Amino acid sequence: MLKATLRSFLAHKGRLLLSALAVVLSVAFVSGSLIFSDTLNRTFDRLFATTAPDLTISPKEDLSEAIPSGATATLPAALADRVARLDGVGAARFDAEQDGITVADAENESVGSTTGAPTIGTDWNPTSRSPVELTSGHAPHGPAEALIDSETADRGKLRIGDPLTVIAAPGSFKVRIVGIVTFTTTNPGATLLYLDPPTAQTKLLGSAKAATSISVDAAEGVSDDQLKQRVAAALGTGTYEYRTADEQAKSDLDQLGGFLDVIKYVMLGFAGIAVLVGVFLIVNTFSMLIAQRTRELGLLRALGADRRQVRRSVLTEATLLGLVGSTVGLGTGIGLAVGLVALMNAFGMNIRTGEMVIGWGTPVAAYVVGVGVTFVAAYLPARRAAGVSPMAALADAEIAGTGRPLRVRATVGGLVGAAGAAALVGCALASRTASAASLLGLGVVLTLLATVIAGPLLVRPVIRVLGGAFPALFGPVGRMSQRNALRNPRRTGATAAALMVGLALVGGMSVASASMSRSFDDQIDKTLGADFVVQNGNFLPFPQEVTDAVRGTEGAGLVVRSRFAPVAVRLPDGKRVETTAAGYDPRLDEVAHITYAQGDTAAALASGHLGMDVDFARDHGVRVGSRVPVEFQGGRRTELTVGALTDQDSADGFGTQGGIYFGLGTLERFARGGQDSAVYVNAAPGTGADRLRAELEKTLDRYPQVQVRDLADYKDLVHDQIAVLLYLVYALLGLAIVIAVLGVVNTLALSVVERTREIGLLRAIGLARRQLRRMIRLESVVIAVFGAVLGLALGLVWGVCTQQVLALQGMHALAIPWGTIVAVVVGSAVVGIVAALLPALRASRMNVLAAIAHE
């Protein structure tokens, strides 16, 4: 049996190749994502571990910032001298650093990172652990000199002697490049500007006595933990945070972890789609191969092979296919990881391919996925093969009947579908976001399974409709193509299922994204009342001088500032909620339309008062007049009176949990050092909007980080952000289509082999080669469109239910992108034509006599 299995596998290696490609893609994405994420983690772990001092002292941050406030926490720089005198300390120095600055060249063009990495200004105080070294020029001396990293210099075509404008929180200032520094370790993509320490303190932090942290080196023979204990004992634990080199490296890695996890999970998402779609392909391939080998298997049974041996033979072939696919997929995954590293390098994050990390878990995961997928996918065909009697096989009977198994499918599919439909109905009726989202996820999984299980039952009614015009348009060839697709519902259903999965995903996400865009458009129309909004391009805060420049612009009338700060509120029900609060200038009503359940803007912005979202207030027992304890960064606390409750479309009021906001006077009193996040501007009487925009852009030309947006610009910005999600979905769709095309090609190729004698007879009675190719192409098209119809119908249901979940967050508009849906159906027909090219060509080149004699 082993010899027979090996010979069978080698005899059908051409037919198994396309199935192996599905395994290769699945394994490649799994192994590539693991290698890439392991490499990034090891690279940054090494970077942070080699550059972190033995001990870092920093101000205690009690609250996390969901939205940047622009405030930089500082401590006294003189603390370094005090620490240096402690027992066990070898050396101590202060650090003066600010990220989020803007660096512009002589043409007022930003030279900072374009990939989202920060632009950091810091003091030049090189040590053996510095991540850079001075490779040309000299160290900065005085307030007009600076160093820039070599990669930023290359990207911005900067040279020693070039002028730069630095825009920091205290204000902007001019410097000249006097040296270039080069990274000795991995550059995470950041732009680094170095100033001499006194300049960094005054220009970046606004005080010659301030620092952002203290770096401490241990004396010889003193461990990091001992150093931490001694310094903490001397300075106290209430004001500062103390991190050893390992703790600091872990903290830095955790901050970067979100970005690394996104990349990892996106790639694993691709792997999941590849695995899911590949399962359909492999099931279909093995089912057809077994059907074609009916006589061979029957002969083995007649010669004494029992059911278990036949089943084991088929599963052995699947295991061999999985091993081959996993091996090739692992190699492809390594190549994919190398390509991703090269892509990251192109975006400014320099990672050496020689540092590629291939842990033991990667090949294990690769072979578990590859072999596991093929084994599981081949199990049902193997059981079906083992269930054939020797006499039925010798009579060349079809293994796959159409009676009882389809009735079983109908029963199981109906039950699973009913459970899925109930979950989706529950999602639509739910009143809480968490429960609605859970029911949506359950409903999506169950309805997908139900459609896959019951798909063959839908083949005959749907394809009779989709191919109903074929006989009239293409005559007998069209009728035969339609009947070929109807001949084996299981095969057609499994082939279409591969395409259905991807199109269901894109259909659902298209409806959700279109609904989000429409809802945001409606909210912007309802809430934004200003002529223009001045904001940072990446939504980071900007310094006061930008706001002053806006106020001084000719034609500018009312100017209202917006600022954010992290807060923690203690609610009457005993819960402590950390969130981000907003602060606004008076006359907010003139630039924003706010709907109130109780109170008004004046009451919310009054000194000692705040506003809150009405649903949040109701959930926590808050009402107008309630006194709410509020904690700000740095431990500052106060009690504020609830002056108003908002009833905005967004469940979170102003975009953060609780929708908490108050006057800027209150915010500036308790949250010092913050920067404006947006400035709303109305034109002065007698000034048109076009003229004001031109004047604002002229005034702000020297601040490349900020942009002037009107209502239409705001909508475009939201659409662009949502489009990023769609691009990911379209990429997943592309992968699913690639594997689905392989599935259609495989099905048609095996179908051609199966119908060799039939094709020969058709050719013998006068069917031309062109007609034969058309028949196979039409069969492919109707299968692909069938998959598209099922997928889009399922996706539309998912999308509508997703919109119901979004409605609980204030996004009430439902939009269905009919243009996208029509384009997908047309594209599916094109996919069917492309998939049929090779099988149709092969069929048309058959020798007629040899085909008739084929058994």
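Okay, so let's go over this structure. These numbers come from a predicted model, not from an experiment.

Rules of the game
Residues numbered from 1 in each chain as written. Predicted model: local features only at pLDDT ≥ 70, side-chain atom pairs only at ≥ 80, totals over all residues. Heavy atoms only, no water. Helix = DSSP H or I, 4+ residues; strand = E, 2+ residues; numbered from the N terminus. Buried < 20%, exposed > 50% of the residue type's maximum accessible area, 1.4 Å probe, protein only. Contact = heavy atoms within 4.5 Å. Areas by Shrake-Rupley, 256 points an atom, 1.4 Å probe, with all protein chains shown as cover. Salt bridge = Lys/Arg side-chain N within 4 Å of Asp/Glu carboxyl O. Phe/Tyr/Trp six-rings, centres within 6.5 Å; stacked < 30°, edge-to-face > 60°. Lys, Arg positive; Asp, Glu negative; His and termini not counted. Polar contact = N/O pair within 3.5 Å; in protein donor to acceptor, adjacent residues only side chain to side chain. Core = buried A, V, L, I, M, F, W, Y, C linked by side-chain atoms within 4.5 Å. Axes fitted to C-alpha atoms, helices over the stretch in contact; angles between N-to-C directions. Parallel < 35°, antiparallel > 145°, perpendicular 65-115°, else oblique. Left-handed = near helix turned anticlockwise from the far one by under 90°. Nonpolar A, V, L, I, M, F, W, Y, C, P; charged D, E, K, R; others polar.

Let us now look at the overall build of the protein chain. A tally of helices and strands in the protein chain yields 26 helices and 24 strands. Across its three principal directions, the C-alpha atoms of the protein chain cover 95 × 65 × 55 Å. Across the 855 residues of the protein chain, 51% fall into the buried class. Of the contacts formed within the protein chain by residues at least 6 apart in sequence, a portion of 83% connects residues at least 24 apart. Summing over all exposed atoms, the protein chain offers an accessible surface of approximately 36,800 Å²; the carbon and sulfur share of this is 58%.

Pairing between side chains of opposite charge can happen when their charged atoms approach one another. Per the counting criterion, the structure on display carries 24 salt bridges. Asp585 is the salt-bridge partner of Arg551, the closest N and O atoms lying 4.0 Å from each other. Of this pair, Arg551 sits in helix 17 (residues 544-551) while Asp585 sits in the loop between strand 17 (576-584) and strand 18 (596-598), and the two are 34 residues apart along the sequence. Linked through salt bridges whose partners overlap, the residues forming this network are Asp548, Arg551, Arg561, Arg563, Asp585, Glu668 and Asp676.

Moving on, we get to the packing of aromatic side chains. Applying the stated criterion across every chain, the model contains five aromatic pairs. Relative to Tyr661, the ring of Tyr584 has its centre 6.2 Å away and its plane inclined at 75°; by these criteria the two rings are edge-to-face. A residue pair is termed long-range when its members are at least 10 positions apart, and Tyr584 in strand 17 and Tyr661 in strand 22 (residues 661-663) qualify at 77 residues. Here Tyr584 and Tyr661 have matching classes, each one buried. Measuring from centroid to centroid gives 6.0 Å for Phe632 and Phe662, while their planes differ by 50°, and the two rings are tilted.

Before going further, it helps to spend a moment on the side chain of Asp123. Tracing the backbone through its elements, the reader meets Asp123 in strand 6 (residues 119-123). Buried charge Asp123 goes without a salt bridge, the closest partner of opposite sign being Arg93 at 7.1 Å. Reaching out from Asp123, the side chain makes a polar contact with the side chain of Thr122 at a distance of 3.3 Å.

Quick look at the nonpolar core now. Judged by nonpolar contacts, the single largest core of 89 residues is most densely connected at Phe286, Ile463, Ile739, Leu772 and Ile776. In terms of residues, this core owes the most to one element, helix 24 (residues 769-807), which gives 15 residues. Apart from residues no more than four positions distant in its own chain, Leu772 is found in contact with Ile759, Arg763, Leu767, Ala843 and Ser844. Core analysis: the second largest hydrophobic core is formed by 26 residues, Val560, Ala582, Val591 and Ala644 among them.

The next thing to look at is helix 5 (residues 197-205). Regarding helix 5, the residues found buried are Thr199, Ala200, Gln201, Leu204 and Leu205. Backbone geometry just after helix 5 places Gly206 at a positive phi near 85°.

Take the packing of helix 13 (residues 433-466) against helix 24 next. The interhelical angle for the contact between helix 13 and helix 24, taken along N-to-C directions, is 155°, at an axis separation of 9 Å. Between helix 13 and helix 24, the angle falls in the class roughly antiparallel. Remark: the crossing between helix 13 and helix 24 carries right-handed chirality. Among the residues making up the contact of helix 13 with helix 24, the classes are represented as 19 nonpolar, five polar and no charged.

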